[in-house]
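# Results of the structural survey
Single-letter residue listing:
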Number of protein chains: 2
Amino acid sequence: MKRKPSEVPHISIERLILYRRCLLKLSCSEVFHVSSAVLGRITNVKPANIRKDLSYVGEYGKPGYGYEIDKLLAVIEKIIGINKLQRVIVVGVGNIGEALLCYQDWAARGFEIAGAFDKDRRKMGRVINGIEVRGDSEVLPFVKKEGIEIAILATPTEITQSKVNELAHGGMRGFYVFSPIVIDVPGGCYVENIDMISPLEFLVYRLKNKISK
Amino acid sequence: MKRKPSEVPHISIERLILYRRCLLKLSCSEVFHVSSAVLGRITNVKPANIRKDLSYVGEYGKPGYGYEIDKLLAVIEKIIGINKLQRVIVVGVGNIGEALLCYQDWAARGFEIAGAFDKDRRKMGRVINGIEVRGDSEVLPFVKKEGIEIAILATPTEITQSKVNELAHGGMRGFYVFSPIVIDVPGGCYVENIDMISPLEFLVYRLKNKISK
DNA sequence: TTTCATTTGTGAACATTTTAACAAACTTGA
DNA sequence: TCAAGTTTGTTAAAATGTTCACAAATGAAA
């Protein structure tokens, strides 16, 4: 039952992303293939579930052998769309923004930070991990010139929505937002929105009710 | 169809957490009640879904009127287990750890940072947002004395698992981990594990396939 | 009080996701 | 080459989650 990429269930895509992260690590060691059983132990996903997920994207396993790691990585990256380098910008260079700039595995994950922006004069001109922090007013010309489609917003919550509006108006298509609010975007734009506290609240619930996931 | 708290579907709990975040904001304004339709517009969840979620935790709405916000907040907080203040520690005071220490809404969300720890001598003794950074060796005595059950780990990925092991051995029950790896914990311990890059990868997929969620 | 407009809670239909089970395909080693 | 052991891909059943649609309950206005 082979589906078109757009028909792969969302939840399978999320797990494919997880598999890839673990496969990347495996591929650094002397391992060249992996079975659904082994990958299941690493990821805490049931082997049958893994095989089902992988069946949506084609038939790349060999019975009695497993999956070739490099081949599997290439397939997953193609499906997700990170087989080509994604150039993104970071808007807001506070602690979160700086943490993102300092992250060492962007290239391995398929991304490049093309630029960083902050409205604070004191931050402008600083170079963090090889990336220069530019002034906020430069952002629209920059993304236009460089053809950037995705922005990571690590701005103060109060200004995030208006920043999204401004960037969307300037042609930005994808927004990865770290503020704990629900973000609205115009049609044709997409947003992923994480609240770093919510999972902690969920943890409290699980702890209280002894729920192992 | 009233269920016991432990029978509320996990996904409903996650949405309850979202509802609460939005209700907290509403309760600051002059609004005292809210309908599932309005809350649906705010949260991007379908009204029927909201009513179903809320039906799991009891009957608190009035037909023709909606839900009393304060009452609803209290119920949700009781279900999640954050009706009592949760005291947590932060281990690792890099950029992420510092961002957490600086977060201003911990109290409103139901938490208190009881202590922060780092193994870097240069960070020890610093006071961030009123919280003193202590040495790594103090952590076990501290949590024992203070009765802390939940730790937030914002440590370098390489040492996170061993830090979890150490803390679990010292009686820690819940771990909220910021490293992009799958964490193992002993029985009776619980872990929430976020990779800040994964949602960005998912965004690339959605952008490429025009998937609005 | 009565009527009209709202809005809840829920049963049932529908949709999605997980799991189990197993034939067929492959590897390995003798 | 063959037999034994492994692992896939897939089918179908079970479990879980979402949506619809509407009776019943309430508020608001006349």
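Residues numbered from 1 in each chain as written. Chains lettered and ligands numbered in written order. Predicted model: local features only at pLDDT ≥ 70, side-chain atom pairs only at ≥ 80, totals over all residues.

## Considerations on helix H9 (residues 198-209) of chain A
Applied cut-off: Strands here are runs of E lasting at least two residues and helices are runs of H or I lasting at least four, both read from the DSSP assignment and numbered beginning at the N terminus. Helix span, as expected, comes to 1.5 Å for every residue beyond the first.
With twelve residues, H9(A) extends 17 Å between its outermost C-alpha atoms, agreeing within 8% with the 16 Å of an ideal straight helix rising 1.5 Å per residue. Just past H9(A), the residue A:Lys210 takes up positive phi, approximately 50°.

## Quick word on unusual backbone geometry
All names here are of chain B. Spelled out, the test is: Three exposure classes are used, all based on how many other C-beta atoms lie within 10 Å of a residue's own C-beta (placed from the backbone): buried at 20 or more, exposed at 12 or fewer, and partly exposed between those limits.
Phi at Asn129 is positive, roughly 55°, even though this residue is not glycine. Mapped onto the elements of the fold, Asn129 is located in the loop between strand S6 (127-128) and strand S7 (131-135). Asn129 gets classed as partly exposed once you count the C-beta atoms within 10 Å, which come to 13. For Lys210, which is not glycine, the phi dihedral falls at a positive 50°. Within the secondary structure, Lys210 sits in the segment after helix H9 (198-209).

## Some details on the protein's contact with DNA strand D
The following threshold applies: A molecule or strand has a residue near it when that residue's C-beta atom, placed from backbone coordinates, lies within 6 Å of it.
By nearness alone, 30 residues border DNA strand D, and A:Gly61, A:Pro63, A:Gly64, B:Pro63 and B:Gly64 come closest of all. For the surface near DNA strand D, the elements supplying multiple residues, two or more each, are helix H2 (36-43), helix H3 (47-56), strand S2 (61-62) and strand S3 (66-68) of chain A together with helix H1 (10-28) and helix H3 (47-56) of chain B. When residues in the surface near DNA strand D are grouped by element, the largest group, six residues, is from H3(A).

## What about the sheet that holds strand S3 (residues 66-68) of chain B?
Residue and element names in this part refer to chain B. The criterion, for reference: For two strands to count as paired, DSSP must find a minimum of two bridges between them. Note on contacts: each residue gets a C-beta atom placed from the backbone, and two residues are in contact if those atoms are within 7 Å. Orientation is described by lines fitted to C-alpha atoms, with helices fitted over the stretch in contact, and by angles between N-to-C directions that extend from 0 to 180 degrees.
Taking strand neighbours across the sheet as the criterion, the three strands line up as S1-S3-S2 in an open arrangement whose pairing is antiparallel. Pairing within the sheet leaves two strands with one partner each, and these edge strands are strand S1 (33-34) and strand S2 (61-62). Across two bridges, the pairing between S1 and S3 is antiparallel. Across the sheet, the residue bridging to His33 is Glu68, located in S3. Taken strand by strand, helix H4 (residues 69-80) contacts S1 and S3, and its axis lies near 75° from that of S3.

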